[in-house]
Amino acid sequence: QVQLVESGGGLVQPGGSLRLSCAASGSIFSLYSMGWYRQAPGKQRELVALIISGGSTNYADSVKGRFTISRDNAKNTLYLQMNSLKPEDTAVYYCNADVMTIHRTRSDYWGTGTLVTVSS
């Protein structure tokens, strides 16, 4: 099995910064695309940022210029640097990974989420 564990969420004032991490572990042969999604209360889950194994990135328009996604392939870890945070960034942030396991099965995996609250 594969586990994704997010960390780094918390309460921050508007204009502040947070760095989220997502550590992948378990029966991993290879990680393909990895991404951050978020779900605010009463809203659908939405893509925040995506990074493929080659390093190309894609961002939601609402976070472009403020958030940066990165990955450390040696550590199987995904990051999201969030700057200039706004109250509307408040949500549960989920890590997602497209994984090839050592058993040569390929599936999508999700973490359990980390809460980010932007409030004064």
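Bear in mind the structure is a predicted one, so any value in this text is a computation, not a measurement. (Residues numbered from 1 in each chain as written. Predicted model: local features only at pLDDT ≥ 70, side-chain atom pairs only at ≥ 80, totals over all residues. Heavy atoms only, no water.)

A. Expanded view of the pattern of salt bridges. Inspection of every chain in the model, using the stated rule, returns five salt bridges. D89 is the partner of R38 in a salt bridge, and the nearest nitrogen-oxygen pair spans 3.0 Å. On the criterion of sequence distance, the pair formed by R38 in strand β4 (residues 28–39) and D89 in the loop between β8 (77–82) and β9 (91–101) is long-range, its members being 51 residues apart. Relative accessible area serves as the criterion here: at 1%, D89 is assigned to the buried category. (Salt bridge = Lys/Arg side-chain N within 4 Å of Asp/Glu carboxyl O. Helix = DSSP H or I, 4+ residues; strand = E, 2+ residues; numbered from the N terminus. Buried < 20%, exposed > 50% of the residue type's maximum accessible area, 1.4 Å probe, protein only.)

B. Focus on the packing of aromatic side chains. According to the stated counting rule, one finds one aromatic pair in the structure shown. Ring centres 4.9 Å apart and planes at 65 degrees place the aromatic pair Y37 and W110 in the edge-to-face group. Of this pair, Y37 sits in strand β4 while W110 sits in strand β10 (residues 106–110), and the two are 73 residues apart along the sequence. Across from the ring centre of Y79, 4.0 Å away, lies the NZ or CZ of R19, which sits over that ring. When the ring centre of Y94 is taken as reference, the NZ or CZ atom of R45 above it lies at 3.7 Å. (Phe/Tyr/Trp six-rings, centres within 6.5 Å; stacked < 30°, edge-to-face > 60°. Lys NZ or Arg CZ within 6 Å of the ring centre and 35° of its normal.)

C. Representation of the sheet that holds strand β1 (residues 2–7). Taken in spatial order, the four strands make up an open sheet running β1-β3-β8-β7, and their pairing is antiparallel. The sheet is open, and its two edges are formed by β1 and β7 (67–72), each paired on a single side. Neighbouring strand axes in the sheet, compared pairwise and without regard to direction, differ in orientation by 15 degrees on average. Here six bridges tie β7 to β8, and the two strands are oriented antiparallel to one another. Paired with D72 across the strands is T77, a residue of β8. (Pairing = 2+ DSSP bridges. Axes fitted to C-alpha atoms, helices over the stretch in contact; angles between N-to-C directions.)

D. Seen up close, the environment of D89. Sequence spacing of D89 and S119 is 30 residues, and the spatial spacing of their C-alpha atoms is 9.8 Å. Contacts of D89, omitting those with residues within four sequence positions, involve R38, R66, F67, S84, V116 and V118. (Contact = heavy atoms within 4.5 Å.)

E. Up close: the pairing of strand β11 (residues 114–118). Every second residue of β11 is oriented toward a common face, the buried set being T114, V116 and V118 and the non-buried set L115 and T117. Pairing between strand β2 (residues 10–12) and β11: three bridges, direction parallel. Bridge assignment links G10 to a residue of β11, and that residue is V116.

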